[in-house]
Amino acid sequence: MGNDLITQAAQRVAELKGYFVDHERFVPLAEGFSILAEKRLVDIQTGRISEAQGLALSGQSGAGKSAAITHLLAQEGQRLADRGYGDSTIISLRVPSPATLKFVGQMLLRALGYPIGADRHAWYIWDLVQHHLKERRVLFVHLDEAQDLASRGTKHELDSVTSMLKTLMTDPEWPVGIILSGTNELEDILNHDHQLARRMKAVRFESLSPAAYGEDILDLLENYCELAKLEPEDDVLELSHGERVVHAAANQFGITIVLILDAIEDAYLQGQKTLNRRNFIRAYHRRTSCDAEFNPFVVPDFMRIDARQVFSRENRR
Ligand SMILES: Nc1ncnc2c1ncn2[C@@H]1O[C@H](COP(=O)(O)OP(=O)(O)OP(=O)(O)O)[C@@H](O)[C@H]1O
Ligand SMILES: [Mg+2]
């Protein structure tokens, strides 16, 4: 495998990674968000102040939450600019660790462009946060990995952060919508805080089942092959292959795409003009370092394999 081939493969795959797949699951998220944004804009136009609403997106790791929200916020930012709201913004950040009230406030302030030392009190930091959210006309704040709000900090810290989020949403001068995305533990946080939950629209990215989505994933694979300029061989167009891909991706949409791209990369590295099952076998092996006995693209009874496991080995003496 020459260096040229590696560089070329990396370039072509990077290009493919730039595509966002507008799957049907994206529709409720995008619609939910548009409604929130429209309500807020009407309030701004009419000078009315009402509580902002938020949105919570949950789903397992690899479901595609971060990718979907990033795409959505970019799209929405463009739409706001087209409609003359270019000075209004959306701030997005990952929940920091530890997720204490003070640290979350500090990170938010930094995302707003006002870094501040740690020697300040939490109330002072949040006062500044509220001030700058208004000054910069921030419509929405997105917190990714929001389940981490409950992970490290004490229950007391969680309560103070969620209560601060409610304060932002109900600010009498400049209410800000909160968007939370995270794994299913995010649902627990909302179930414990009914005041926060009732201000949120909830969207969940469900896991895919191989039986229901096998066909769908074959269409996705064909589309990627077209973009990649590779001809799919018969063995990757069988329904059972679609089911294998879903299962090998631990039933998660995002991981499914990653796996397809890994197989495409393998085909490029082999200098192939077609995509076949061997590319998937190798791609899965590279991801997990599992023996062939634990590779869903090799064994007939692939459903027994736990696709979240890595480094699985056959028991050898
Ligand atoms: N709609 C999509 N179009 C193209 N690629 C996608 C899409 N959704 C997900 N992906 C790919 O899948 C990968 C995993 O998705 P993502 O990071 O969004 O998962 P997640 O749900 O945020 O997982 P985690 O909970 O572990 O953060 C992304 O890096 C991206 O490459
Ligand atoms: Mg994520």
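Sequence order as written defines the numbering, with residues in each chain counted from 1. Each chain takes a letter, starting from A, and each ligand takes a number, starting from 1, following the order in which they are written. Predicted model: local features are reported for residues with pLDDT of at least 70 only, side-chain atom pairs are reported and counted for 80 or more only, and whole-chain, interface and lining totals are derived from all residues. Excluded from the side-chain calculations are hydrogens and water; all other atoms, namely the structure's heavy atoms, are used.

Looking up the chain in an unreviewed UniProt entry gives the name AAA+ ATPase domain-containing protein, with the organism given as Paenirhodobacter enshiensis.

Participant: For the side chain of N279, give the residues involved together with the corresponding values.
Facilitator: Its place among the elements puts N279 in helix 12 (residues 277-288). For this analysis, a polar contact is any N or O atom pair within 3.5 Å, provided that within protein one partner can donate a hydrogen and the other can accept it, and provided that sequence-adjacent residues contribute only side-chain to side-chain pairs. Side chain to side chain, N279 and D266 meet in a polar contact 2.8 Å long. If we skip the residues at most four places from it in the chain, N279 touches A263, D266, A267, Q270, Q272 and T274. Under the DSSP-based scheme used, a helix requires at least four consecutive residues in state H or I and a strand at least two consecutive residues in state E, with every element numbered from the N terminus. By definition in these notes, contact holds between two residues if any of their heavy atoms fall within 4.5 Å.

Participant: Please give an account of the site of ligand 1 that cites residues and values.
Facilitator: In this text, near means that some heavy atom of the residue lies within 4 Å of the molecule or strand in question. Around ligand 1 lies a shell of 18 residues, among which V21, S61, K65, S66 and A67 are the nearest. Between ligand 1 and A67 there is a distance of 2.8 Å, counted from an oxygen atom to a backbone nitrogen or oxygen. Only the protein chains shown count as covering a residue, and every accessible area follows the Shrake-Rupley method with a 1.4 Å probe. Considering ligand 1 on its own, with 620 Å² of exposed area, one finds that the protein chains cover 76% of that surface. If you list the elements that add at least two residues to the shell around ligand 1, you get helix 3 (65-82) and helix 11 (253-269). Tallying contributions element by element places helix 11 first for the shell around ligand 1, with four residues. Grouping the amino acids of the shell around ligand 1 by side-chain chemistry returns nine nonpolar, seven polar and two charged. Boundary definitions for the domains trace back to an automatic or database domain assignment. When we break the shell around ligand 1 down by domain, the ones giving at least three residues each are domain 1 (3-18 + 209-304) and domain 2 (26-205). Residues are grouped as follows: nonpolar covers Ala, Val, Leu, Ile, Met, Phe, Trp, Tyr, Cys and Pro; charged covers Asp, Glu, Lys and Arg; every other residue, Gly included, is treated as polar.

Participant: I'd love a proper account of a negative patch on the surface, names of residues and values included.
Facilitator: Two joining distances apply to patches: 9 Å for like charges and 5 Å for nonpolar side chains (Val, Leu, Ile, Met, Phe, Trp, Tyr), and every residue must have over 30% relative accessible area and no salt bridge. Put simply, a salt bridge is a Lys or Arg side-chain nitrogen that is within 4 Å of an Asp or Glu carboxyl oxygen. Charged residues are defined here as Lys and Arg on the positive side and Asp and Glu on the negative side; His and the ends of the chain fall outside this count. Charge positions come from single atoms, namely NZ of Lys, CZ of Arg, CG of Asp or CD of Glu. Together, E215, D219, E222 and E226 line one region of the surface with negative charge. Mapped onto the fold, E215 is located in helix 9 (residues 210-228).

Participant: Hey, could you go over the nonpolar core for me, with residue numbers and the actual values?
Facilitator: Looking at soluble globular proteins, one finds that nonpolar side chains tend to be buried together. Judged by nonpolar contacts, the single largest core of 57 residues is most densely connected at L29, V141, L149 and L180. Take this core: its biggest share by element is seven residues, from helix 2 (residues 26-46). Residues within four places of V141 in sequence aside, it is in contact with I91, L93, L108, L133, V176, G177, I178 and I179. We call a set of buried residues a nonpolar core when its members are Ala, Val, Leu, Ile, Met, Phe, Trp, Tyr or Cys and they connect through side-chain atoms within 4.5 Å of each other. Each residue is placed in one exposure class: buried if its accessible area under a 1.4 Å probe, protein chains only, is under 20% of its type's maximum, exposed if it is over 50%, and partly exposed if it falls in between.

Participant: Describe helix 5 (residues 122-135), listing the residues and the values that go with them.
Facilitator: Residues spaced three or four apart along an α-helix face the same direction, because each turn holds 3.6 residues. In this analysis, the expected span of each helix is defined as 1.5 Å times one less than the number of residues it contains. When the terminal C-alpha atoms of helix 5 are compared, their 20 Å separation across 14 residues agrees well with the 20 Å that a helix rising 1.5 Å per residue should span. Every buried residue belonging to helix 5 is among I125, W126, V129, H132 and L133, and all of these are buried. Here the buried residues of helix 5 occupy an arc of 125 degrees about the axis, which is enough to place them on one side. Residues W123 and E135 are exposed on helix 5 and point more than 90 degrees away from its buried face. Where the residues of helix 5 are buried, they touch helix 4 (101-111), strand 3 (138-144) and helix 6 (155-169). Phi turns positive one or two residues past the end of helix 5, at R137, with a value near 50 degrees. The arc in question is the one spanned by the directions pointing from the helix axis to the C-beta atoms.

Participant: An account of the pattern of salt bridges is needed here, citing residue identities and associated values.
Facilitator: Scanning all chains against the criterion turns up 14 salt bridges. Here K166 ties to D193 by a salt bridge, and the two come within 3.2 Å at their closest N and O atoms. Of this pair, K166 sits in helix 6 while D193 sits in the loop between helix 7 (185-192) and helix 8 (194-197), and the two are 27 residues apart along the sequence. Of the two residues, K166 and D193, neither departs from the other in class, the shared state being buried. The residue D301 makes a salt bridge to R304 at a minimum N-O spacing of 3.1 Å. Judged by its relative accessible area of 49%, R304 is partly exposed. One network of salt bridges, with partners in common, ties together E38, E76, R79 and R83.

Participant: How would you explain the domain arrangement of the chain if you had to name every residue and give the values?
Facilitator: Domain assignment breaks the chain into domain 1 (3-18 + 209-304) and domain 2 (26-205). Centre-to-centre, using C-alpha coordinates, domain 1 lies 35 Å away from domain 2. On the domain 2 side, the residues contacting the four residues of domain 1 number five residues. The junction of domain 1 with domain 2 conceals about 300 Å² of combined surface from both sides, 44% of it contributed by carbon and sulfur atoms. Buried area adds together the accessible area that both of two parts lose upon being put together, with accessible area traced by a 1.4 Å probe. Counting the surface domain 1 buries against domain 2, the share from its top three residues, Q252, G254 and I255, is 85%. For the pair domain 1 and domain 2, the number of links is four residue pairs in polar contact (both at pLDDT 80 or more).

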